[in-house]
Amino acid sequence: MSRRDYLLRKVLLALITLSVVVTIDFVLFRVLPGDPVRAVIGRGVRISKEQQDALRAQFGLDQPVFPDQFVATVGQWLQGNLGFSWTLRRPVGEILMSKLGNTLLLISAGQVLSIILGVGLGLFAGWKRKTRIDVASLTFSLVAWSVPTFWLGIILLAIGSTWLGLPTGGFVEPKNIGKPFFEVLPDVLRHLILPTLTYTVVYLGEYMLIMRSSVLEVLGEDYILTAKAKGLSHWQVLRRHALKNAMLPIVTLIALNLGFTVAGAIYIETVFSYDGLGQLFQQALDKKDFPLLQGAFLLLAVTVILANMLADFIYTTLDPRVRQV
Amino acid sequence: MSERWILLKRNLAEFWRVFRRNRMGKIGAFLLITSLAMAIFAPMLAPYRPTETIRDANGRGLTFAPPSVHGPLGTDDAGRDVWTQLAYGARVSMAIGFLAGFLSMAVGSLIGIAAGYFGGWIDTLLMRITDVLLVIPDIPLMIVLVAALRNLDIGFSPIFLLILVIGLLYWTSTARLIRSQVLSLKERQFVARARAIGAGHGHIIRKHILPQVMPLIVANTVLIISVAILLESGLAFLGLGDPTQPSWGTMLNFAFARNAITRGAWWFYLPPGLAIVWVTLGCTLLGNVLEEILNPRLTSHHLESEAGMVARASVESAASGT
């Protein structure tokens, strides 16, 4: 199979997955009881039967569910129209976009830190296999893996706000809301410390474990023995021969983890009342704001699917074996 | 029959011989057994009824009472005993974790065996479904599914719904693992022989494939249970649990929603989390050790120690036949 065929297959898979997600998202929220028209106009507002019917027609709710409503809804989604939030009374797409940046900031800070630390520590643990350092890092990974993300957040929140004087939550101090981003940057960073720390601890363990087992596998290869026989020092072998090859599974893991990362954002932002997509998702769930939940899920799923496809593309350029399967 | 019994006994004895010397495995088993005991003996361990509000002399509810005022773990926001909640919560958390784990294992094994054994279009179809499910972010999907289904009024209890959603969505890794094992088993001599003497698919799967993948399934189930317990705690924390039968995750949801953190009520939010870590760590340790024993891997590498390295490496490669 050539590289082009491989990538075509990946694109096809992404398209199929996208249509599955879109269908689930439509069906789930379409079958929910409750009258969307009633929800949009709000409780207690009295309107006549004719006005209701007019609204229903305007939303296309008088059409058959399939295919008319389905096609219409998906068409609107494609144009970026994700519906109208019941609780915030604003278009869902607009709300999501206003929170996207904050979440990206948190996720990238957490990912970068945990990847760098995880790769470094995993490499070290694999190299010093069966020493005390290895056992310690293995124990840490296992414990970190077993700790629920949100509970770790709660503990760090309790410690950080009581003894370290760090903020208990939010994106910035209330007095700084609405000011330009760069003016309040120090405040933003102060609020980022605890959520980022939680993120890093949660994902560090897994990256470390995968890196360690990947390093172990690579160090068992014959070319490592050859490199060592050439007289290279351990450090040179690790840097030139082991690191690059052992990094490959990490690339896949980053992609596979994206879904997991998104879930992490929901928990961490909830605990730290961080003003991002994750907290929005939790609030939509809490207040049963279904259009908002539907739109947020769509955005999260589509992002993860596309990022996965992108990771496959990167992977083929990194791994020469895949380049010419 | 007796011959097979002897074989099983010998295998178990061999397994026990290896397992006994494994410290990680023993710790894991200890953690898991103690939490199971807590769930089973909850009514005996708990001094109060789970819904009972503890009152002071004036008849007022003792809310957020620290430990030692009346009990080992104090009271929650409604004046209920935290230790009692914890013991009964063990039942809910473990029941959901185990049942969802078994369900996910059953689905994953079934799909893995069918895909690996039959191959062809069945394999292609099942593996494409697996690929699709693998890419969709699972926790958000579970959240919207539970949220939507709870609103539908189809008569499922929240706990049953959680078991169903976790079990039916979290099987992709099991399916892939089992499939690859079955693929290699299928090519072995004993399967070819059984087929040659006219054995049907059902017979071959039941008598030849299943017994061989069973150890892998068992090890994987223990690991899946730990994931299921973690998933449940997360969903329950977001308020998708059953408030009338609180699991450890639901307890944390209460603690968080009712400001236990700002009030400094550590006895309310620490124990449920520690319990989740306890059980999850137990399952993870035990599962990893089981997998290691049943599915041995590389034991050394080329940079490990200076002296005798080459000699040992060559002995090992000779032993493994490469």
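Treat the numbers as computed from the prediction; the structure is a model and nothing was measured.

Let us now look at the overall build of chain B. From N to C terminus, chain B includes 13 helices and zero strands. Along chain B, helices (α) and strands (β) appear in the sequence α-α-α-α-α-α-α-α-α-α-α-α-α when read from the amino end. Along the three orthogonal principal directions, the C-alpha set of chain B runs to about 80 × 55 × 45 Å. With 322 residues in all, chain B has 41% of them scored as buried. For chain B, the proportion of contacts with a sequence separation of at least 24, taken over those separated by at least 6, is 71%.

Turning next to helix α10 (residues 234–271) of chain A. All names here are of chain A. An ideal rise of 1.5 Å per residue puts 56 Å on 38 residues; α10 reaches only 44 Å between its terminal C-alpha atoms. The largest bend in α10 comes to about 50°, at A242. Trailing α10 by a residue or two, S273 shows a phi angle of about 40°, which is positive.

Per-residue confidence for chain A gives a mean pLDDT of 84; residues scoring 70 or more make up 93%. In the model of chain A, helix α13 (residues 320–323) of chain A stands out as the element of lowest mean pLDDT, 62, in contrast to helix α11 (residues 277–286) of chain A, which has the highest, 92.

Accessible area lost when the parts come together is the quantity often used to give the size of an interface. The interface of chain A with chain B comprises 46 residues on the first partner and 39 residues on the second. Listing elements by their share of the side of chain A that touches chain B, those giving two or more residues are α1 (3–30), α6 (132–146), α7 (149–163), α8 (185–219), α9 (222–229), α10, α11 and α12 (290–318) of chain A.

Residue and element names in this part refer to chain B. Running from N to C, helix α4 (residues 82–118) and helix α7 (residues 158–169) point in directions that differ by 35°, and their axes come no closer than 8 Å. Crossing handedness for the pair α4 and α7: right-handed. In this structure, α4 uses V92, I96, L99, A100, L103, S104 and V107 to contact α7, whose residues at the interface are I159, L162, I163, I166, G167 and L168. Broken down by class, the residue content of the contact of α4 with α7 amounts to 11 nonpolar, two polar and no charged.

It is worth spelling out α7 of chain A at this point. If you check α7 of chain A, its first and last C-alpha atoms are 21 Å apart, about what 15 residues at 1.5 Å a residue would give, namely 21 Å. At its buried positions, α7 of chain A is contacted by α8 and α10 of chain A together with α10 (201–240), α11 (248–257) and α12 (266–294) of chain B.

What follows concerns the nonpolar core. Grouped together as the largest cluster of nonpolar side chains are 152 residues, with contacts concentrated most on A296 of chain A together with I143 and A228 of chain B. Those residues in contact with I143 of chain B that lie beyond four places of it in its chain are L285 of chain A together with L235, L238 and L240 of chain B.

It is worth spelling out the environment of Y223 of chain A at this point. Relative to the elements of secondary structure, Y223 of chain A occurs in helix α9. Overall, the presence of 13 C-beta atoms within 10 Å leaves Y223 of chain A in the partly exposed class.

This paragraph deals with the environment of S68 of chain B. Structurally, the position occupied by S68 of chain B is in the loop between α3 (42–45) and α4. Between the alpha carbons of S68 of chain B and A42 of chain B there is a distance of 20 Å; along the sequence they are 26 residues apart.

Tracing the backbone through its elements, the reader meets L164 of chain B in helix α7. Residue L164 of chain B is classed as partly exposed on the basis of its C-beta count, with 17 C-beta atoms lying within 10 Å.

Scoring rules and cut-offs
- Residues numbered from 1 in each chain as written.
- Chains lettered and ligands numbered in written order.
- Predicted model: local features only at pLDDT ≥ 70, side-chain atom pairs only at ≥ 80, totals over all residues.
- Helix = DSSP H or I, 4+ residues; strand = E, 2+ residues; numbered from the N terminus.
- Buried ≥ 20, exposed ≤ 12 C-beta atoms within 10 Å, placed from the backbone.
- Contact = placed C-beta atoms within 7 Å.
- Expected span 1.5 Å × (residues − 1).
- Bend = angle between axes of the 7 residues up to and from the residue.
- pLDDT = per-residue confidence, 0-100.
- Axes fitted to C-alpha atoms, helices over the stretch in contact; angles between N-to-C directions.
- Left-handed = near helix turned anticlockwise from the far one by under 90°.
- Nonpolar A, V, L, I, M, F, W, Y, C, P; charged D, E, K, R; others polar.
- Core = buried A, V, L, I, M, F, W, Y, C linked by C-beta atoms within 7 Å.

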